[in-house]
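Structural overview
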Amino acid sequence: MQRSAPPQQELLEIAVDVARDAAATAHRMRAEGVSVAATKSTVTDVVTAADRAVERQVVDALRRVRPDDAVLGEEYGAGDGTPAAGAARVRWIVDPIDGTVNYLYGLPYCAVSLAAEVDGAVVAGVVRNVATGEEWTATAGGGAYRGGRRLRCSGETDLGQALVATGFGYDAGRRAHQARVLAELIPHVRDIRRQGAAALDLCLVAEGRLDAYYEKGLAAWDQAAGALVATEAGLRVGGLGGRAAGPDLVIAAPPALFGPLHDRLAALDASGGP
C-alpha cells in the first residue's frame, strides 16, 4: 500500500534537518582536506569524496524517516535502493554539494540542495550554504524565507539596469556557445555575475541580491529547491517559448524582466549549441 504524502511543512522540516546535518558534514570534510575522487562529463567536471559521502548521508537519513519515498541524487541517481519514483508519491531530489569546484578550491559558494516532490510537483525545498550557513527555504504557496524573513525578488523593470547571473557547462563546445551568447547579452544588461552554484544563484535572485538568472544544462538536482525558492519569492521561472524550466534553459526573473530577457536569449539561441 502506497504511503500518503505528509503536509508540505512536515516535508520541509525533514528537508531542513537533513540538509543541515549534510552541510555540517561537508563543512567538516572540507576543513579536513578534500581531493578529486572522479570526473563526470569532462576532466573539469569533478566529484569529490565529500559529494559521495554527503549524498549517502542524505539518502540514509531520508530512509530512516520516510522509507517508502524515492530519492534522486546527483551522484547515485535513483540507484540507491530507494523505491522507484513511479512507486512512491514523494520523491526527494538532492544535490549533495552544488558548486563542487568552488568547494574543491575553498571558495565560499557551495551548498546542499534538497527538495521534496509530491506527485511530480516540487512542494518543499531548502538550500544551505556549506561555508556560511545561510539557509533558504520554501513551500509551494507558502512563500520563501531566509533567516525568518520572507523574501521578495527585485523590483527592477529595466533589463539594461539588471544584474544577471549565469553559469557555464563543462563541455568545451557548450562553453564556447554560452560565451557567444554572453558576449551578445552583456551590452544589454547592467552586468553579469558567474558564481558557480545554480541553487545559490536562484536563492540570491529570490531575495533581490541579483536581478535575474539564466543557464542552460541544469539537471533536476541543480534547480529543484532553488527554483521553488525563486518562484515563491515572486520570480517567474521558465524556459523558452512557454516551455518549463529544464535542461534546455532555465530563466528566473521578476515578471517585468522575464519577457525582455526571454526574448533577448531566444534571439541569441541561448538554448542551442551542444
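Since the structure is predicted, the reported quantities are computational estimates derived from the model, not experimental observations.

1. Comments concerning helix α1 (residues 8–32)
Side chains that are three or four residues apart share a direction in an α-helix, a result of its 3.6 residues per turn. For α1, spanning 25 residues, the distance from its first C-alpha to its last is 36 Å, which sits close to the expected 36 Å at 1.5 Å a residue. When we look at burial in α1, the residues that qualify are Leu11, Leu12, Ile14, Ala15, Val16, Val18, Ala19, Ala22, Ala23, Thr25, Ala26 and Met29. Looking at the packing, one finds that the buried side of α1 touches α2 (49–65), β4 (90–98), α3 (100–105), β5 (111–118), β6 (121–129) and β7 (135–139). Immediately downstream of α1, the backbone of glycine 33 shows phi near 105°, a positive value.

2. Topic: the pairing of strand β8 (residues 143–146)
Alignment of β7 against β8, held across four bridges, turns out to be antiparallel. Considered in β8, the bridge of threonine 139 is made with glycine 143. Hairpin remark: β7 followed by β8, antiparallel, with three residues in the connecting loop; positive phi at glycine 141, about 80°. As judged from the two bridges shared by β8 and strand β9 (residues 149–150), these two strands associate in the antiparallel manner. In the sheet register, tyrosine 145 faces β9, and the bridge partner there is arginine 150. Here β8 folds back onto β9, and the loop between the two strands holds two residues, one of which, glycine 147, carries a positive phi near 55°.

3. Re the nonpolar core
Of all hydrophobic cores here, the largest spans 36 residues; its most connected members are Val127, Trp136, Leu151, Leu200, Tyr213 and Val229. Listing elements by their share of this core, those giving two or more residues are β5, β7, β10 (163–166), α5 (198–206), α6 (220–232) and β14 (250–253). With eight residues, α5 is the single largest residue contributor to this core. Once residues lying within four places of it in the same chain are set aside, the contact partners of leucine 151 are Trp136, Ala144, Tyr145, Arg146, Ala206, Glu207, Val229, Glu232 and Ala233. Within the second largest apolar cluster, 32 residues are counted, among which are Leu11, Ala19, Ala61 and Ala116.

4. Description of the sheet that holds β5
The seven strands are arranged β3-β4-β5-β6-β7-β8-β9 in an open sheet whose pairing can be described as mixed. Of all strands in the sheet, those bounded by a partner on one side alone are β3 (70–73) and β9. Most of the contacts of α6 go to β6, to which it runs at about 100°, and overall it touches β3, β4, β5, β6, β7 and β8.

Procedures and definitions
Residues numbered from 1 in each chain as written. Predicted model: local features only at pLDDT ≥ 70, side-chain atom pairs only at ≥ 80, totals over all residues. Heavy atoms only, no water. Helix = DSSP H or I, 4+ residues; strand = E, 2+ residues; numbered from the N terminus. Expected span 1.5 Å × (residues − 1). Buried < 20%, exposed > 50% of the residue type's maximum accessible area, 1.4 Å probe, protein only. Contact = heavy atoms within 4.5 Å. Pairing = 2+ DSSP bridges. Core = buried A, V, L, I, M, F, W, Y, C linked by side-chain atoms within 4.5 Å. Axes fitted to C-alpha atoms, helices over the stretch in contact; angles between N-to-C directions.

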